[in-house]
Amino acid sequence: MGNKLGSYAALIAVAVIWGANFGVSRFAMETFDPALFTFLRFGLAVPCFFLLLKWKEGSVGLPFRALLHTFILGVFGVTLLEILVMYSIQYTTLANASLLNVAPWPIFAALLAPLVSKERMTSRLATGGAIAMIGVALVVLGGGGFDPSSKHMLGNAMALGVSFIGACYNLATMPLLRRYSALRVSAWTIFFGALLMTPFTFGSWGKVAWASLGGVEWTALAYNVLFCTVIAFVAWNASMFRVGATRSNFFRYAVPAAAVVAGYAMFDESISPFQIAGAVFMALGLVWIGSERKTTAPVVETV
C-alpha cells in the first residue's frame, strides 16, 4: 500500500511540475524559438540521463531489439508529440489546446489498454475519470472558454492527436518497463527523440543572443531539463509501471490546475470560481481513483 501511495504522490508531483512549466516556458519563449527550446530541453537532458544510468546501474546499453523499440518510442512519444504540442498551441486557443492535449489522453489510454495489456476499465476508474474530466472542463472554461470555431480546427485536431499519440506511447512503453528500469528506458527514448528533433532547429540558433542570456532564461532551461525531463520522465514511467498506464494517465488532469496556479503566481492572472471548483472536482476524481484496491499486488520495479 505504501508503494501505491508513493506512486500516486509521484504522479501528482510530476503533473504539477509539467503544469507549472506552462508559466516557466512562457518566459523562455520570449527569447527562444519553440522548436529550439524544446530541443534544448531534451538534448541537454540526454547526458544527464546516461551519467545517472551509468552511476546507478553500471551500464547504459540495451539489446538491439530494445533499442529499436525505444527508437520508435522516441519518434512518436518525444519528437512527433512535442512538435504537435507546439503547433497546436500556435493554431488554436490556449484553452482549446490545454483541454484537448490533456482531457482525452486518459480516455484513449483506458479504451486502448485492453487491446495491448491485461488492464481493464473499472467502474471506479470510469467514475473518477468522469469527475476529474468535469474539473478539467471547469478549469478551462473558467479561463476563457472552449472555442470550436473552424479557424481553430487544425490546431484542435493536432491537440487531439497529442492525446491519442500520448496514450499509445504510454501503453507501448509498458513492455519495456517489465524488462528494464524506467531510467534506462527513459534515457534511450529521450536520446532518440532529441536526435530526431535536430532538423527542426535549423535556422533558429542564430536568432538567439546567447551572450546576453540572463538568469531567467537559464533558470527556465534548467527547470525544463532537470525537473520536467530527467526527474519527471523517470518518476512518471516508474509510477506508471507500478499502478498501470490507464490509472496513471488520469493524474494528468492535475496539469491544467497547476498551469492556472502558475499563471496566477507568475503573471498575476486571475483565478475564477469556475477554476477553483474545477480543481476541487479534479482532486475528488483522483482521490476516488487512487483509493481503489487492486486484487493483485503490483509488480515493483527497481529504478
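Rules and cut-offs
Residues numbered from 1 in each chain as written. Predicted model: local features only at pLDDT ≥ 70, side-chain atom pairs only at ≥ 80, totals over all residues. Heavy atoms only, no water. Helix = DSSP H or I, 4+ residues; strand = E, 2+ residues; numbered from the N terminus. Buried < 20%, exposed > 50% of the residue type's maximum accessible area, 1.4 Å probe, protein only. Contact = heavy atoms within 4.5 Å. Areas by Shrake-Rupley, 256 points an atom, 1.4 Å probe, with all protein chains shown as cover. pLDDT = per-residue confidence, 0-100. Polar contact = N/O pair within 3.5 Å; in protein donor to acceptor, adjacent residues only side chain to side chain. Phe/Tyr/Trp six-rings, centres within 6.5 Å; stacked < 30°, edge-to-face > 60°. Lys NZ or Arg CZ within 6 Å of the ring centre and 35° of its normal. Expected span 1.5 Å × (residues − 1). Bend = angle between axes of the 7 residues up to and from the residue. Core = buried A, V, L, I, M, F, W, Y, C linked by side-chain atoms within 4.5 Å. Axes fitted to C-alpha atoms, helices over the stretch in contact; angles between N-to-C directions. Parallel < 35°, antiparallel > 145°, perpendicular 65-115°, else oblique. Left-handed = near helix turned anticlockwise from the far one by under 90°. Nonpolar A, V, L, I, M, F, W, Y, C, P; charged D, E, K, R; others polar.

**Student:** I would appreciate a short explanation of the overall build of the protein in the present structure.
**Tutor:** Across its full length, the protein holds 12 helices and zero strands. Secondary structure elements in the protein, listed N-terminal to C-terminal, are α-α-α-α-α-α-α-α-α-α-α-α. For the protein, buried positions account for 52% of its 303 residues. The contacts of the protein with a sequence gap of at least 6 include a subset with a gap of at least 24, amounting to 92%. For the protein, the accessible surface area stands at approximately 14,000 Å², while carbon and sulfur atoms represent 71% of it.

**Student:** Honestly, the confidence of the model for the protein in this entry has me stumped. Any pointers?
**Tutor:** A low pLDDT means the predicted coordinates there should not be read in detail. Looking at the protein, pLDDT values average 82 and 86% of them are 70 or higher. Element-level pLDDT for the protein is lowest in helix H4 (residues 94-102), with a mean of 70, against a maximum mean of 95 in helix H8 (residues 182-197). pLDDT under 50 marks residues 295-303. Its contacts with residues more than four places away, or in other chains, come to 20 contacts.

**Student:** Is there a simple way to think about the side chain of threonine 201 in this case?
**Tutor:** Note that threonine 201 resides in the loop between H8 and helix H9 (215-243). Using a relative accessible area of 0% as the deciding quantity, one classes threonine 201 as buried. There is a polar contact of 2.7 Å between the side chain of threonine 201 and the backbone oxygen of threonine 198. Filtering out sequence-adjacent residues up to four positions away, threonine 201 remains in contact with Ala35, Leu36 and Phe39.

**Student:** Where do I start with the packing of aromatic side chains in this structure?
**Tutor:** Two aromatic rings are characterised by how far apart their centres lie and by the angle between their planes. Under the definition given, this model contains 16 aromatic pairs. Each ring, one from tryptophan 18 and one from phenylalanine 233, has its centre 6.3 Å from the other, and the planes form 75°; the classification is edge-to-face. Within this pair, whereas tryptophan 18 is found in helix H1 (residues 2-28), its partner phenylalanine 233 is found in helix H9, the two being separated by 215 residues in sequence. Three or more aromatic residues joined by ring pairs form one cluster here, namely Phe32, Phe37, Phe39, Trp205 and Trp210. In this structure, arginine 252 is placed above the aromatic ring of tryptophan 105, and the distance from its NZ or CZ to the ring centre is 3.7 Å. We note arginine 252 situated over the ring of tryptophan 236; from NZ or CZ to the ring centre the distance is 4.6 Å.

**Student:** Is there a simple way to explain helix H3 (residues 64-91) in this structure?
**Tutor:** Side chains of residues three or four places apart in an α-helix project in the same direction, reflecting 3.6 residues per turn. When the terminal C-alpha atoms of H3 are compared, their 39 Å separation across 28 residues agrees well with the 40 Å that a helix rising 1.5 Å per residue should span. The principal kink in H3, of about 30°, is found at glycine 74.

**Student:** Looking at this model, I keep getting lost on the environment of glycine 23. Mind explaining?
**Tutor:** Structurally, glycine 23 can be placed in helix H1. Sequence separation of glycine 23 and glycine 263 is 240 residues, and the distance between their C-alpha atoms is 5.8 Å. Excluding residues within four positions of it along the chain, glycine 23 makes contact with Ala262, Met266 and Phe267.

**Student:** Help me out: how do you make sense of the nonpolar core in this one?
**Tutor:** When a protein is soluble and globular, its nonpolar side chains tend to lie buried together. Among the nonpolar cores identified, the biggest contains 72 residues, and Trp18, Phe32, Phe49 and Tyr253 are the most heavily contacted of them. It is H9 that provides the largest number of residues to this core, a total of 14 residues. Ignoring anything within four residues of it in the chain, the contact list for tyrosine 253 reads Val102, Ala103, Pro106, Ile107, Gly129, Ala132, Met133, Val136 and Met282. With eight residues, the next largest nonpolar core counts Leu81, Ala109, Val162 and Ile165 among its residues.

**Student:** It is not clear to me how the packing of H8 against H9 should be interpreted in this structure. Could you clarify?
**Tutor:** Packed helix pairs are characterised by how far apart their axes lie and by the angle those axes make with each other. Put simply, H8 and H9 touch, their axes get as near as 9 Å, and they point 130° apart. When the interaxial angle is binned, H8 and H9 end up oblique. The chirality of how H8 crosses H9 is right-handed. For the pair formed by H8 and H9, the contact residues are Ala182, Leu183, Ser186 and Ile190 on the first element and Thr229, Phe233, Val234, Asn237 and Ala238 on the second. Broken down by class, the residue content of the contact of H8 with H9 amounts to six nonpolar, three polar and no charged.

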